[in-house]
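Architecture and fold: a report
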Amino acid sequence: MRIVAIVATERKNGNSILAAKYISKKLSADLEIIRLTKMRIEPCRACYACLYGVKCKIDDDVYYIYDTILESDAVLICYPVYWLDATGKLKALIDRVFMAVPYLENFAQKKAALVTVHGFEDMNGWASATCNVLARTLGLNLLASVEVHAALPGEILLKKENLEKLDTVVKALSDGVKIVDKNQCPVCMSSIFRVNKKRLFCPICGSELDFDFNVVKKGNKLLNYSWLIEHYESLKSMKDIFKNLMKELENAKRIVDNDIS
Ligand SMILES: Cc1cc2nc3c(=O)[nH]c(=O)nc-3n(C[C@H](O)[C@H](O)[C@H](O)COP(=O)(O)O)c2cc1C
């Protein structure tokens, strides 16, 4: 098995990289590590050209990342929690996923897992949800998402409960089966929820759950190739709406410009 680990930390031998190495070793897999902090990832210019099949004009490392995933059998996304969320470069990569469209059909065959490392027991925040969104928008076959508590570099390998969680990832990737934790959305593995009318709503897949995590209404957002393609088609249809509204929008913008001058 060939694993590519997308690792979003500057620490060369920190917990995220050790997690990737541990999992790959247990699977006797070849490991390639992409250190996101070393990658050039520019902001999306929101031109939507890539949705029409045009190659992205930004000359940075995003295509390199996609091409590396293309060569792999499985993708690990390993990253620390920084201020309750995933680190900035990871979000920067999410913002550029429109251009992954030509890769999506292939990426759907890639097994994937997330490892979130948090230094404080009660400060894991919503980082695992952010990374879930990266896996989902890349169309990967997400099989497991674990959150481990480890602050000092190397600490991840000292604790029995952390190794057990990493072994869960090993099992999911070797058996090709989804392993959902009891505190996660049974549909998409998100661990973050909105509360509305005495129900839990999963912000990622849109499922509605009761407080025992039973699915009341299954959502389908971000879950597969066809949803992503449909979503992109709806974005493209906004171009016509924009053309029709252009005059009105220009007038609206003038109101603010006049105020400033
Ligand atoms: C700038 C910064 C912000 C951090 N914010 C959080 C946080 O909000 N919650 C938390 O649990 N740990 C936080 N940590 C601790 C890291 O998540 C923890 O040390 C982790 O093990 C780092 O992973 P690494 O060794 O793979 O880099 C923060 C660390 C840094 C440097």
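Anything mentioned here points back to the structure above.
Every chain's residues receive numbers from 1 upward, in the order its sequence appears when written. Whole-chain, interface and lining totals are the exception, using all residues; otherwise, since this is a predicted model, local features are given only for residues with pLDDT of at least 70 and side-chain atom pairs are given and counted only at 80 or more. Water and hydrogen atoms were dropped before computing side-chain values, which therefore reflect all heavy atoms in the structure.

We now examine the layout of surface pockets. A cavity, in this analysis, means grid points on a 1 Å lattice covering only the protein atoms where a 1.4 Å probe fits yet has no way out; a pocket is instead an open set bounded by protein on both sides within 12 Å along at least five of seven lines, and a residue lines either one if it has an atom within 4 Å of a point. Grid points are joined across faces, edges and corners, and a volume is the space filled by probe spheres set on the points. In this structure, the largest pocket occupies an estimated 440 Å³ of space. Considering the residues around the largest pocket, the lining is formed by 23 residues, among which S145, V146, E147, K165 and D181 are closest to the centre. Mapped onto the lining of the largest pocket, the elements with two or more residues apiece are β5 (141-149) and α6 (160-175). Working definition: helices are DSSP H or I runs of at least four residues, strands are E runs of at least two. Numbering for both runs from the N terminus. For the lining of the largest pocket, the leading source of residues is β5, giving five residues. For this classification, Asp, Glu, Lys and Arg are treated as charged, while Ala, Val, Leu, Ile, Met, Phe, Trp, Tyr, Cys and Pro are nonpolar and the rest, including Gly, are polar. Of the residues in the lining of the largest pocket, the class split is five nonpolar, eleven polar and seven charged.

Attention now goes to unusual backbone geometry. Its identity is not glycine, yet A46 carries a phi of approximately 55 degrees, on the positive side. As for its placement among the helices and strands, A46 is situated in the loop between β2 (30-35) and α2 (62-70). The rule is simple: take the accessible area with a 1.4 Å probe, protein chains only, and divide by the maximum for that residue type; under 20% is buried, over 50% is exposed, in between is partly exposed. The class of A46 is partly exposed, set by a relative accessible area of 46%. We note that K197 has phi near 45 degrees; this positive angle belongs to a residue other than glycine. Tracing the chain through its elements places K197 in the loop between β6 (194-196) and β7 (199-201).

Hydrogen bonds between backbone groups are what pair the strands of a sheet, and the pairing can be parallel or antiparallel. Strands were regarded as paired on the criterion that DSSP finds at least two bridges between them. One open sheet accounts for five strands, arranged β2-β1-β3-β4-β5; its pairing is parallel. Two strands in the sheet have a free side with no partner beyond their single neighbour: β2 and β5. When the angles between neighbouring strand axes are averaged without regard to direction, this sheet yields 20 degrees. Sheet topology places strand β1 (residues 2-7) next to β2; six bridges connect them, and they run parallel. If you follow V4 over to β2, its bridge partner there is E32. In this analysis, two residues are considered to be in contact whenever any of their non-hydrogen atoms come within 4.5 Å of each other. For helices, the fitted line uses only the C-alpha atoms of the stretch in contact; every axis is such a line through C-alpha atoms, and the angle between N-to-C directions lies from 0 to 180 degrees. Where α6 meets the sheet, it contacts β3 (74-80), β4 (111-118) and β5, and its direction lies at approximately 175 degrees from that of β5.

Here the focus is the site of the ligand. The rule for a residue being near a molecule or strand is that one of its heavy atoms must lie within 4 Å of it. Looking at the ligand, there are 17 residues lining it, with T9, R11, N15, S16 and A150 nearest. In protein, a polar contact requires one atom able to donate a hydrogen and another able to accept it; more generally it is a pair of N or O atoms within 3.5 Å, and residues adjacent in sequence count only if both atoms are side-chain atoms. N15 is positioned such that a nitrogen or oxygen atom in its backbone is 2.8 Å from an oxygen atom of the ligand. Here an oxygen atom of the ligand sits 3.0 Å away from a polar atom, N or O, in the main chain of G119. Areas reported here follow the Shrake-Rupley algorithm with a probe of radius 1.4 Å; residue values treat only the protein chains shown as occluding. Look at the ligand: alone it shows 640 Å² of surface, and the protein chains cover 82% of it. Elements with a contribution of two residues or more to the shell around the ligand: α1 (15-26) and β4. Class assignment for the residues of the shell around the ligand results in ten nonpolar, six polar and one charged.

Glancing now at the side chain of N162. Among the secondary structure elements, N162 is positioned in helix α6. A residue is classified by how much of its surface remains accessible, and N162, at 2% relative accessible area, is buried. Setting aside anything within four residues of it in sequence, one finds N162 in contact with V148, H149, A150, E155 and I156.

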